[in-house]
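# Overview (structure and organization)
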Amino acid sequence: TTAARSSLKIGLIPADGIGKEVIPAARAAIEALGSDIPKPEFYNLDAGFECFASTGTALPEETVEALQDSHCALFGAVSSPITKVTGYSSPIVALRKKLDLYANVRPVVSVAENAQEKPRVDLVVVRENTECLYVKQETITSTESGKEARATRLITERASRRIGRLAFELALGRPRQLVTIIHKSNVLSVTDGLFRETIRAVPRFAENGRYDNIQIEEQIVDSAVYRLFREPQIYDVMVAPNLYGDIISDAAAALVGSLGLVPSINAGDNFVMGEPVHGSAPDIAGRGIANPLASIRSAALMLRHLGYLNGADRLDKAVDGVIREGQVLTPDLGGSSKTQEVLDAVLKKI
Ligand code: ATP
Ligand code: MG
């Protein structure tokens with residue numbers, strides 16, 4: 001199917017803060033690939049908190065429609081206010097739902113330099129993207145002794161099974177073929193129990209024993225974080241419900257240096273959207289020093305998911321080369337280069 005496309009329609013949603021600086025860099029890197037991919041057609045689309053502030057909606061209908069008409073997309077970052085702003089809700093959460101992007105896949109790999117002293121990290125976090133506490137059904141009531149707030153946590157067999165399948169598929173393509181299920185079923189035996197049992201059962205429902213050689217382990221989320229910091233090399237594919245996956249993947253990112261390096265994709269059966277793991281970084285936004293490498297790697301992941309392996313490899317190799325040489329790095333990696341200079345170094349390698 002990939003060969004049949006005469007052009008690759010890519011929606012670009014820089015959104016807020018440094019998203020506006022790093023997404024154009026990812027676009028330039030994709031454009032440099034030439035004939036490794038079908039001719040890219042880019043669509044600049046609006047969303048985010050600034051969009052909400054100026055138009056009253058964080059996710060305009062035109063953006064959703066344009067995406068439904070595209071093959072894939074790159075998303076920058078949204079600034080999320082910590083206190084509730086009336087009428088505002090995160091466009092990324094809405095997009096994941098509307099496009100049914102049920103998986104967030106975040107590979108975390110240590111940079112060659114650090115790998116000598118520290119254990120080498122080479123894992124991928126597969127985070128369920130549509131349910132858990134993110135169904136956002138919260139209520140607050142007043143009682144005699146004060147306010148009482150509640151949240152609903154939803155876990156379904158369907159969502160757990162499809163995220164499980166995706167984790168097993170990823171494991172098939174990796175040398176260690178190990179899936180670790182992250183849960184807290186010692187406390188949440190019903191919800192996390194269902195997640196754990198459903199994923200454990202995935203190989204039983206697979207055709208022709210497809211996942212028979214994949215080793216399954218499981219870990220309670222708190223001890224998983226502890227072991228992640230002490231012996232990250234024990235992990236290969238970690239699959240987790242939404243909230244644990246969120247926390248684990250940020251923690252894993254800290255192991256390899258900078259949030260500015262860690263890419264992700266939001267994937268569904270019909271669409272894929274690349275998104276750097278970092279946020280809008282208001283502390284450095286607008287200064288031209290944001291690290292563009294997480295976004296360029298997100299573009300690579302997106303292309304890989306679509307089957308454009310050569311293009312993805314070339315982007316990854318260019319990024320790895322720039323990091324390994326260590327000459328042109330943004331301040332988060334100890335360098336003093338600008339976003340544009342890092343991009344230029346990557347483009348030169350491509
Ligand atoms: P948000 O609410 O949008 O997530 P945040 O304040 O949590 O914003 P993050 O973007 O998550 O900020 O970043 C956390 C820290 O990591 C910040 O100090 C930020 O400057 C730094 N950081 C994140 N991404 C990058 C990047 N691409 N380049 C350099 N530094 C980054
Ligand atoms: Mg953040």
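Each residue is numbered by its place in its chain's sequence as written, counting from 1. Chain letters and ligand numbers both follow the written order, the letters beginning at A and the numbers at 1. A pLDDT threshold of at least 70 governs which residues receive local features in this predicted model, and a stricter bar of 80 or more applies before side-chain atom pairs are shown or counted, although totals over entire chains, interfaces and linings include all residues.

The name an unreviewed UniProt entry gives the protein is Isopropylmalate dehydrogenase-like domain-containing protein, with Fibroporia radiculosa as the organism. UniProt positions are given in the numbering used here, feature names are shortened, and annotations may be inferred rather than shown by experiment. UniProt annotates the protein under Sequence similarities (unreviewed entry) with the comment "Belongs to the isocitrate and isopropylmalate dehydrogenases family." A UniProt comment under Cofactor (unreviewed entry) is attached to the protein, and it reads "Mg(2+)".

Looking now at the site of ligand 1. We call a residue near a molecule or strand when the C-beta position, derived from backbone atoms, sits within 6 Å of it. In the vicinity of ligand 1, 19 residues are found, and the nearest of them are Gly-260, His-278, Gly-279, Ser-280 and Asn-291. Three classes are used, and their members are as follows: Ala, Val, Leu, Ile, Met, Phe, Trp, Tyr, Cys and Pro are nonpolar, Asp, Glu, Lys and Arg are charged, and the others, Gly among them, are polar. Of the residues assigned to the shell around ligand 1, the class counts are nine nonpolar, eight polar and two charged.

Our next topic: the nonpolar core. As used here, a nonpolar core is made of buried Ala, Val, Leu, Ile, Met, Phe, Trp, Tyr and Cys residues. They are joined through C-beta atoms within 7 Å. Buried, partly exposed and exposed are defined by the number of other C-beta atoms within 10 Å of a residue's own C-beta, namely 20 or more, between the two limits, and 12 or fewer respectively, with C-beta atoms placed from the backbone. Ranked by internal contacts, the top residues of the largest apolar core, which has 102 residues, are Val-126, Met-238, Val-239, Ile-296 and Ala-299. Counting from the N terminus, the helices are the DSSP runs of H or I reaching at least four residues and the strands are the DSSP runs of E reaching at least two. Examining the composition of this core, we find that eight residues originate from one element, helix α9 (residues 293–305), more than from any other. Any residue pair is listed as a contact if its two C-beta atoms, each placed from the backbone, are within 7 Å. Ignoring sequence-local partners within four residues, the contact set of Ala-299 consists of Ala-26, Ala-29, Ile-30, Leu-74, Gly-274 and Leu-315.

This part covers unusual backbone geometry. One non-glycine residue, Asp-100, adopts positive backbone phi at about 50°. By secondary structure assignment, the location of Asp-100 is in the loop between α4 (91–98) and β4 (103–109). On the neighbour-count criterion, Asp-100 (15 C-beta atoms within 10 Å) is partly exposed. Here the phi dihedral of Lys-136 falls at roughly 50°; this positive angle occurs in a residue that is not glycine. Within the element layout of this structure, Lys-136 appears in the loop between β5 (122–128) and β6 (138–143). Residue classification places Lys-136 among the exposed positions, given that 10 C-beta atoms sit within 10 Å.

What follows deals with helix α10 (residues 309–325). Between the first and last C-alpha of α10 there are 24 Å, a value that for 17 residues agrees with the 24 Å anticipated at 1.5 Å per step. Along α10, the positions that sit buried rather than exposed are Gly-311, Ala-312, Arg-314, Leu-315, Ala-318, Val-319, Val-322 and Ile-323. Take α10 and look down its axis: the buried residues cluster within an arc of 165°, on one side only. When the buried face of α10 is taken as reference, the exposed residues oriented beyond 90 degrees from it are Arg-324 and Glu-325. Against the buried residues of α10 lie α1 (19–31), α9 and α11 (339–349). The span one expects for a helix is its residue count, reduced by one, times 1.5 Å. The directions from the helix axis to the C-beta atoms form the arc being described.

As a further point, take the packing of helix α5 (residues 157–172) against helix α6 (residues 191–205). Helix axes use the C-alpha atoms of the stretch in contact, all axes being lines fitted to C-alpha atoms, and the angles between their N-to-C directions lie in the range 0 to 180 degrees. Where α5 contacts α6, the axes come no closer than 8 Å and their chain directions differ by 50°. The angle between α5 and α6 falls in the class oblique. Handedness of the crossing formed by α5 with α6: right-handed. Contacts between α5 and α6 pair Glu-157, Ser-160, Arg-161, Gly-164, Arg-165 and Phe-168 from the former with Leu-194, Phe-195, Thr-198, Ile-199, Val-202 and Pro-203 from the latter. In these notes the angle categories are as follows: under 35 degrees is roughly parallel, over 145 is roughly antiparallel, 65 to 115 is roughly perpendicular, and the rest is oblique. Working rule for handedness: look at the near helix, and if it is turned counterclockwise from the far one by less than a right angle, call the crossing left-handed; if clockwise, right-handed.

Our focus in this paragraph is the environment of Gln-327. Tracing the chain through its elements places Gln-327 in the loop between α10 and α11. Gln-327 gets classed as exposed once you count the C-beta atoms within 10 Å, which come to 10. Each C-alpha atom, one on Gln-327 and one on Val-342, is 9.4 Å from the other, the two residues being 15 residues apart in sequence.

With five of six residues buried, strand β8 (residues 178–183) is to be regarded as a mostly interior element. The rule for pairing is simple: two strands pair if DSSP sees at least two bridges between them. Direction of pairing for β8 relative to strand β9 (residues 215–220): parallel, over a ladder of six bridges. Bridge pairing links Val-179 to Ile-216 in β9. Look down the strands so they point away from you; if the path from the first strand over the helix to the second goes clockwise, the crossover is right-handed. The handedness of the β8 to β9 crossover, carried by α6, is right-handed. Sheet topology places β8 next to strand β10 (residues 237–240); three bridges connect them, and they run parallel. Looking at β10, one finds that Thr-180 is bridged to Met-238.

This paragraph deals with the packing of α1 against α9. Their axes nearest at 8 Å, the elements α1 and α9 cross at an angle of 45°. Between α1 and α9, the angle falls in the class oblique. Remark: the crossing between α1 and α9 carries right-handed chirality. Between α1 and α9, the residues in contact are Val-22, Ile-23, Ala-25, Ala-26, Ala-29 and Ile-30 and Ser-295, Ile-296, Ser-298 and Ala-299, respectively. For the contact of α1 with α9, the residue count by class is eight nonpolar, two polar and no charged.

Before going further, it helps to examine the sheet that holds strand β12 (residues 272–274). Spatial strand order, β2-β1-β3-β12-β11-β4-β5-β10-β8-β9: 10 strands in an open sheet with mixed pairing. Where the open sheet ends on each side, the last strands, each with one partner, are β2 (39–44) and β9. With strand direction ignored, the average angle separating the axes of adjacent strands in the sheet is 25°. With three bridges connecting them, strand β11 (residues 265–267) and β12 associate as antiparallel partners. Note on β12: the bridge partner recorded for Ala-267 is Val-272.

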